[in-house]
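The lines below spell out each chain.
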Amino acid sequence: MARIKKKGTAGAAKNYVTRNQAIRKLQISLPDFRKLCIWKGIYPREPRNKKKVNKSSTKSTTFYFARDIQYLLHEPLLHKFRDQKALERKISRALGRGDVTDASRLEKNAARPEKTGKPSYTLDHVIRERYPTFVDALRDLDDCLSMLFLFANLPSTSTVPAKMIARCERLCLEFQHYLITSKSLTKSFLSIKGIYYQANIQGQDILWLVPYKFNQRVVGDVDFRIMGTFVEFYMTLLGFVNFRLYTSIGLKYPPKFDQVKDENAAELGAFTLEGKTLVGANEEQQKQIEAAQHKPDPRTQAAVNKMLTQLENGNDKTESNEASEEADETADSGAIDKFEPTAPGGDVLPQPVASASSAGSLFSNFTFYLSRETPRQPLEFILKSFGCKRVGWDAVLGDGAYTTNELDSTITHQIVDRPPIEASNDVDTGAEDNQTSQKLATNRRVPGRIYIQPQWVWDCINDGELKEPHLYAPGASLPPHLSPFVSNVQGAYDPTIPLEEQEPAAEALARDDDDDDLAVKDADGAEGMDVADSDEDDEDDEFGGFSADEEEEEVEPEAEDSGDEADQRQKELEAELTGASVASSKAKTPKAKAREEARKAQAKKDKEEAEDVERAKGMLSKKKRKLFEQMQYTNNKKSAESEKLRAKRRKYEQEQQQKKAKKA
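Just so it is clear, the structure is predicted and the values come from calculations on it, not from any experiment. (Residues numbered from 1 in each chain as written. Predicted model: local features only at pLDDT ≥ 70, side-chain atom pairs only at ≥ 80, totals over all residues. Heavy atoms only, no water.)

## Some thoughts on a negative patch on the surface
Point 1. A surface patch of like charges, here negative, comprises D606, E608, E609 and E611.
Point 2. Along the polypeptide, E609 turns up in helix α26 (residues 590–618).
Point 3. Using a relative accessible area of 42% as the deciding quantity, one classes E609 as partly exposed. (Patch = residues over 30% accessible without salt bridge, like charges linked within 9 Å, V, L, I, M, F, W, Y side chains within 5 Å. Areas by Shrake-Rupley, 256 points an atom, 1.4 Å probe, with all protein chains shown as cover. Salt bridge = Lys/Arg side-chain N within 4 Å of Asp/Glu carboxyl O. Lys, Arg positive; Asp, Glu negative; His and termini not counted. Charge placed at Lys NZ, Arg CZ, Asp CG, Glu CD. Helix = DSSP H or I, 4+ residues; strand = E, 2+ residues; numbered from the N terminus. Buried < 20%, exposed > 50% of the residue type's maximum accessible area, 1.4 Å probe, protein only.)

## A short note on a positive patch on the surface
Point 1. Taken together, the side chains of K85, R89, K90 and R93 define a basic patch exposed on the protein surface.
Point 2. Inspection of the secondary structure assignment puts R89 in helix α6 (residues 77–97).

## A word on the pattern of salt bridges
Point 1. If you walk through the whole model with that rule in mind, you get 18 salt bridges.
Point 2. In this structure, R615 and D612 form a salt bridge, with 2.1 Å as the shortest nitrogen-oxygen distance. Placement of both R615 and D612 in helix α26 is noted, with a separation of three residues, approximately one turn of the helix.
Point 3. Across the salt bridge formed by K617 and E614, the nearest N and O atoms sit 3.9 Å from each other. Placement of the pair is K617 and E614 together in helix α26, with a separation of three residues, close to one helical turn.
Point 4. According to the relative accessible area criterion, K617 is buried, its value standing at 11%.
Point 5. A single network of salt bridges, built from pairs that share partners, joins K40, E75 and E129.

## Some remarks on the sheet that holds strand β10 (residues 413–415)
Sheet strands pair via backbone hydrogen bonds, and the direction of the pair is either parallel or antiparallel.
Point 1. A sheet is described by the order of its strands in space; here four strands give the open sequence β9-β8-β10-β11, paired in parallel fashion. Each edge of the open sheet is held by one strand with a lone partner, namely β9 (391–393) and β11 (450–452). Averaged over neighbouring strand pairs, the angle between their axes works out to 25° when direction is ignored.
Point 2. By the bridge criterion, three bridges tie strand β8 (residues 368–370) to β10 in an arrangement that is parallel. In the sheet register, L370 faces β10, and the bridge partner there is I415. (Pairing = 2+ DSSP bridges. Axes fitted to C-alpha atoms, helices over the stretch in contact; angles between N-to-C directions.)

This is the structure we're talking about:
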């Protein structure tokens, strides 16, 4: 007779353990267990059958894989946690005995990251385990950068120590310096949450979010201990990544850091990069060094020239000349092959673009000056990432500017974020001086300088070209700032295309009907206003009438403009007198007839398409039919969202037209 297996010793019950069982097995506290799981990348699991795993119990329990907990038994950090726990127990025992001297001696040996900033353990081996290759680390850099930039903007509290904030800010600035030097930044977007950046590093697209520099209010419902655990891991990860990135382009890591400049809010200017190509060399010297490095060996070049001379004098002279001419034509043209669809409606493939050096030098010929009301940090980073080496600002924004003189003649572009100042004769001596108020004369502009709003910079880098500055002039209504991370899908709403080109036929017919109803209402309202105005005029003034010529001149243009509307109005009145329905009278007009025919044709077409779809569904299996219905549901949901967006845009355009009409 086979042995009876005891319940809970095999199968799913053996593959999972609860959190309390894992803590007892590892012999650590709950906070240390959470730290260890976060650093090692071990997360709770949801079993398929909780009753089998939890021995027929239905209470809410957190489960982990048993093999993951077994893997943690060999973690070196466990010994550090146990030593720390033993040390704290000794300190409490000394304090219980009243031995303050022994307790203070033991306190010095305890790890206090919130005070010293240096824990007694390192996470280097954890980084090497979780990221076997450098590409793996780059792929996991999105959340890392978002978290570190967030903590770099937080105020220091008891839960968020100042040294942690300072280290986060320093690592982020080092990463930004690499992006500036390597010109790896590709896109950016201003959103409600903050500023999104995207960079391409070694073929990997990295997207992160940087919050705006506002006064942050730390609330109590956020567990900063858990977030601090992630930050501790991410700081180690970004330190490794920065070291690898700096050494890959020949720079020394870490870069020189000037504490005095950093205290004066220099930020990027507080770092000095050192390397083979950056030690006391300007741009021309660097280009000479690069050209010398790529020059061929003189002996090899002489042998190649001799071989070419022999070929030219030989029998292959004609062929070599033709080949060289073709090569010269190809080199001179510099054209890039494009992937165009062979049939209409085909897939649109991503087109190849020119080298990144052209996009990285977009602002290389300009000198920018940032006004005091503009966000200096993101503008400085983006401008320098795209080739600008001369960025100035007012002295109140911090140290590190190219120039602090607003009237400098070398400035070509000035970024302002306030409307033109209107002249005022009243001088309020008692009012406080606003920091953003100008000390220059009213509406003073330096001749020859281009004044633009900050959005011009973002739109230029996203489109890869310099936009027209007059569209972004101070006080002008800016064009829409669209996200560069959204890819256009066929059939979905596209804000860059006019509504008439992307509306379905049924939606266009409905829009025409709404426009006609709106026009009729406006005509009725205008007629009522004219009648009221005429009554008031009759009461106030006496009118002598028109001459015959004047009556013809007045009536003929009106009849030409509103002939159809007058006919429609006359037929409606006739229908009311005869007792016929107004709808039937409307259908008799040529426009209404054409629209009704188009509506019927569209309804017939939609019905035929629906019948074809139903017939096709009948030929599918049950599994494929359900999958097809899910796809239909998703497509209908996306179509409804696109229709809502088009309706919002249509309403906005109508409001703008009404405002223009009122102004006119």
